[in-house]
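Residue-level structural notes
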Amino acid sequence: MRRLRISRACNLLMTTKDPISVISAEAGFSNLSNFNRVFLEEKGVTPRRYRREAEQSIQASI
């Protein structure tokens, strides 16, 4: 279940400009700090950095 929630969050981070707090809730996390901790454990980066790196990757491929 945790991986599904993180996967949903990754998709939202890459496809929307919604605040991370909103994405956290939409992915099923009730606590933002818990979301940040779990995301870091699963992905090795914070949600903010994940979004920034995804945006840079997309821009580099254009």
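Here, the structure is the one placed above.
Report on the accompanying structure. (Residues numbered from 1 in each chain as written. Predicted model: local features only at pLDDT ≥ 70, side-chain atom pairs only at ≥ 80, totals over all residues. Heavy atoms only, no water.)

Time to look at the packing of helix H1 (residues 2-15) against helix H4 (residues 47-60). Between two packed helices, the angle of one axis relative to the other and the distance separating the axes together describe the packing. H4 packs onto H1 with a crossing angle of 50 degrees between their chain directions and a minimal axis gap of 9 Å. In this view, H1 runs oblique relative to H4, as classed from their interaxial angle. Relative to H4, H1 is oriented so that their crossing is right-handed. Residues Cys10, Leu12, Leu13 and Met14 of H1 touch H4, and the partners they reach there are Pro47, Tyr50, Arg51 and Ala54. (Axes fitted to C-alpha atoms, helices over the stretch in contact; angles between N-to-C directions. Helix = DSSP H or I, 4+ residues; strand = E, 2+ residues; numbered from the N terminus. Parallel < 35°, antiparallel > 145°, perpendicular 65-115°, else oblique. Left-handed = near helix turned anticlockwise from the far one by under 90°. Contact = heavy atoms within 4.5 Å.)

With that out of the way, let us pick up the packing of aromatic side chains. How two aromatic rings sit relative to each other is set out by the distance from centre to centre and by the angle between their planes. Applying the stated criterion across every chain, the model contains three aromatic pairs. Consider the rings of phenylalanine 35 and phenylalanine 39, whose centres lie 5.7 Å apart with planes at 55 degrees: the pair is tilted. Separated by four residues within a single helix, phenylalanine 35 and phenylalanine 39 lie in helix H3 (residues 32-43), roughly one turn from each other. Taken individually, phenylalanine 35 and phenylalanine 39 each receive the classification buried, so the pair is uniform in this respect. Measuring from ring centre to ring centre gives 5.5 Å for phenylalanine 39 and tyrosine 50, while their planes differ by 80 degrees; the resulting arrangement is edge-to-face. (Phe/Tyr/Trp six-rings, centres within 6.5 Å; stacked < 30°, edge-to-face > 60°. Buried < 20%, exposed > 50% of the residue type's maximum accessible area, 1.4 Å probe, protein only.)

Here H1 is 14 residues long and its end C-alpha atoms lie 20 Å apart, about the 20 Å a rise of 1.5 Å per residue gives. The set of residues buried in H1 consists of Ile6, Ala9, Cys10, Leu12 and Leu13. End-on, the buried residues of H1 take up no more than an arc of 165 degrees, which puts them together on one face. Exposed and oriented more than 90 degrees from the buried face of H1 are Leu4 and Thr15. Looking at the buried positions of H1, the neighbouring elements they touch are helix H2 (20-26), H3 and H4. (Expected span 1.5 Å × (residues − 1). Arc of directions from axis to C-beta.)

Let us now look at the nonpolar core. Buried together is how nonpolar side chains tend to be arranged in soluble globular proteins. Counting residues in each nonpolar core, the largest one holds 14 residues, and the members touching the most others are Ile6, Ala9, Leu13, Phe29, Phe35, Phe39 and Tyr50. If we skip the residues at most four places from it in the chain, leucine 13 touches Ile20, Ile23, Phe39, Pro47, Tyr50 and Arg51. (Core = buried A, V, L, I, M, F, W, Y, C linked by side-chain atoms within 4.5 Å.)

Using the criterion set out here, one finds six salt bridges in the structure. The salt bridge partner of glutamate 41 is arginine 2, with a shortest N-O separation of 2.9 Å. With glutamate 41 in helix H3 and arginine 2 in helix H1, this pair connects stretches of sequence that are 39 residues apart. Using a relative accessible area of 37% as the deciding quantity, one classes arginine 2 as partly exposed. A salt bridge links arginine 37 to glutamate 41; the shortest N-O distance between them is 3.5 Å. Pair noted here: arginine 37 and glutamate 41 are both in helix H3, with a separation of four residues, about one helical turn. With a relative accessible area of 48%, glutamate 41 lands in the partly exposed category. (Salt bridge = Lys/Arg side-chain N within 4 Å of Asp/Glu carboxyl O.)

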